[in-house]
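# Breakdown of the fold
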Amino acid sequence: MTDAIGRTAMPSPYVRRRRLAAEIRKLRESRGLTTDALAQLMYYSRAKISRLENAQGRPDLAEIVSMLNILEITGSEYDRLHKLAHEAAQKGWWDKYGVSMGPRQKLYADLEYSANSIRDYNQTLMPAVLQAPGFIAALVQLDECQGKLDYVPERMTEARMRRQRELLRSDGPSYETVLDECVIHRLAVPPQAMIAQLHHMIRVVSEEERITVRVLLHDAGIPGGFLPMSSFCLYTFAEAGDPPMAVLETVTTDVVLTQRREVERYATMYDRLRQAALSREDSLSFLERVANQLTNESGSGT
């Protein structure tokens, strides 16, 4: 199967790993096996089976085939699980960047690649897939203030810009972000970097109808419940077997949710944020006014 630009279409390996993990657990339990018992049959450690059942790392296709054979899986079920394991083991464009991209950005690139829709709430940072190169450079400087970098800035920037190109490809997902106004005022980047970032977002959104930015003003009330405790992102996928996901950001890691009730809670919260935010058109006007104000202020100070 190929997409509109002739590239071989590939589902998200991470999403497939989650599905494969659930299938392995279901198979084990249907055979009345404990994790230890399956590990003994496979001559694996218990930890290895646990990692497979928790989607930790890329699976080894040969090992999955061996497991299916030991559990006497045949026919159409074997074909289905073999295909799922093969897709879970695939590498994406993001893997070539190694540590320069980091596990968190790789996760997002993976999910974005085959997403049908992406909705996120940005409480502390500009949306990564809409960042301008000069703004990314300013963020690297902020990161250096917190300690030694564990990535190559140029490669990280290249990877982030690739994410943006993938988002904007002809068959890319719909994308909407609710951007908290405080990000514009509180993020300590040089005025010129913020001005360039605002103009960049305005241009991208203006040129692409399926990309939307909604600004949540600092004094906007958000009725209907508590305020969000962190930034988060919601993903849906075209294939029915791939469940919607919510990814929550923390300082050190990301929390991935796939349980329906948990994802629905964040979807409901997103709807509340969206309703409280400015419209697409008013948001673009607001960003333009802020960019002009920053331009005037920075110009008057020279």
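To keep things clear, this report deals only with the structure shown in the data block. (Residues numbered from 1 in each chain as written. Predicted model: local features only at pLDDT ≥ 70, side-chain atom pairs only at ≥ 80, totals over all residues. Heavy atoms only, no water.)

Attention shifts here to the overall build of the protein chain. Of the regular secondary structure elements, the protein chain holds 12 helices and six strands. If one aligns the C-alpha atoms of the protein chain with their principal axes, the spans along those axes are about 75 × 45 × 40 Å. When each of the 302 residues of the protein chain is scored for burial, the buried share is 48%. Accessible surface for the protein chain amounts to roughly 15700 Å². Of this, 52% is attributable to carbon and sulfur atoms. Taken together, the 38 basic and 40 acidic charged side chains of the protein chain have centroids lying 4 Å from each other. (Helix = DSSP H or I, 4+ residues; strand = E, 2+ residues; numbered from the N terminus. Buried < 20%, exposed > 50% of the residue type's maximum accessible area, 1.4 Å probe, protein only. Areas by Shrake-Rupley, 256 points an atom, 1.4 Å probe, with all protein chains shown as cover. Lys, Arg positive; Asp, Glu negative; His and termini not counted. Charge placed at Lys NZ, Arg CZ, Asp CG, Glu CD.)

Let us now look at the sheet that holds strand 5 (residues 245-249). As summarised here, the arrangement of the six strands in space is 3-2-1-4-5-6, forming an open sheet in which the pairing is mixed. What marks the edges here is a single partner per strand, and that holds for strand 3 (211-216) and strand 6 (254-257). Strand-to-strand twist of the sheet, defined as the mean angle between neighbouring strand axes without regard to direction, takes the value 15°. Relative to strand 4 (residues 232-237), strand 1 (residues 115-122) runs antiparallel, the two being bridged by six bridges. The partner of Ala115 across the bridge, within strand 4, is Phe237. (Pairing = 2+ DSSP bridges. Axes fitted to C-alpha atoms, helices over the stretch in contact; angles between N-to-C directions.)

Turning to the pattern of salt bridges, a few remarks are in order. By the definition in use, this model includes 22 salt bridges. With a shortest N-O distance of 2.5 Å, Glu112 and Arg163 are connected by a salt bridge. Here Arg163 lies in helix 8 (residues 153-167) and Glu112 lies in helix 6 (residues 102-114), a separation of 51 residues in the sequence. For the pair Glu112 and Arg163, one class covers both residues: buried. Each of the salt bridges in this network shares a partner with another, and the network as a whole consists of Arg16, Arg19, Lys83, Glu87, Glu239 and Asp242. (Salt bridge = Lys/Arg side-chain N within 4 Å of Asp/Glu carboxyl O.)

Our focus in this paragraph is the packing of helix 1 (residues 13-30) against helix 5 (residues 75-88). Direction vectors running N to C along helix 1 and helix 5 enclose 140°, while the axes themselves pass 8 Å from each other. Looking at the two axes, helix 1 sits oblique to helix 5. As helix 1 packs across helix 5, the resulting crossing turns out to be left-handed. Side by side, helix 1 and helix 5 meet where Pro13, Arg16, Arg17, Arg19, Leu20, Glu23 and Leu27 of the first sit next to Glu77, Arg80, Leu81, Leu84, Ala85, Glu87 and Ala88 of the second. Partitioned by chemical class, the residues of the contact of helix 1 with helix 5 number seven nonpolar, no polar and seven charged. (Parallel < 35°, antiparallel > 145°, perpendicular 65-115°, else oblique. Left-handed = near helix turned anticlockwise from the far one by under 90°. Contact = heavy atoms within 4.5 Å. Nonpolar A, V, L, I, M, F, W, Y, C, P; charged D, E, K, R; others polar.)

Now for the packing of aromatic side chains. For the structure on display, the rule yields six aromatic pairs. Considering the side-chain rings of Trp94 and Tyr113, the 5.7 Å spacing of their centres and the 65° angle between planes classify their relative orientation as edge-to-face. In this pair, Trp94 is assigned in the loop between helix 5 and helix 6 and Tyr113 in helix 6, connecting sequence segments 19 residues apart. Judged by centre distance (5.9 Å) and plane angle (50°), the ring pair of Tyr121 and Phe232 falls under tilted. Linking Tyr121 in strand 1 with Phe232 in strand 4, this pair joins segments that are 111 residues apart in sequence. For the residue pair Tyr121 and Phe232, the accessibility class agrees, reading buried in each case. Taken together, Trp93, Trp94, Tyr97 and Tyr113 form an aromatic cluster joined through their ring pairs. (Phe/Tyr/Trp six-rings, centres within 6.5 Å; stacked < 30°, edge-to-face > 60°.)

Formed by 43 residues in total, the largest nonpolar core has its most connected members in Leu111, Met126, Leu130, Leu198, Tyr235 and Leu287. The leading source of residues in this core is helix 10 (residues 191-207), at seven residues. Excluding its chain neighbours within four sequence positions, the residues that come into contact with Met126 are Gln131, Phe135, Leu179, Val183, Ile184, Met194, Gln197, Leu198 and Met201. In this structure, Ala39, Met67, Leu71 and Ala85 belong to the second largest nonpolar core, which totals 19 residues. (Core = buried A, V, L, I, M, F, W, Y, C linked by side-chain atoms within 4.5 Å.)

Turning our eyes to something else, we now look at the environment of Glu23. With respect to the element layout, Glu23 can be found in helix 1. Between the C-alpha atom of Glu23 and that of Leu84, which follows or precedes it by 61 residues, the distance is 9.5 Å. Apart from the residues lying within four places of it in its own chain, the contact partners of Glu23 are Arg80, Leu81 and Leu84.

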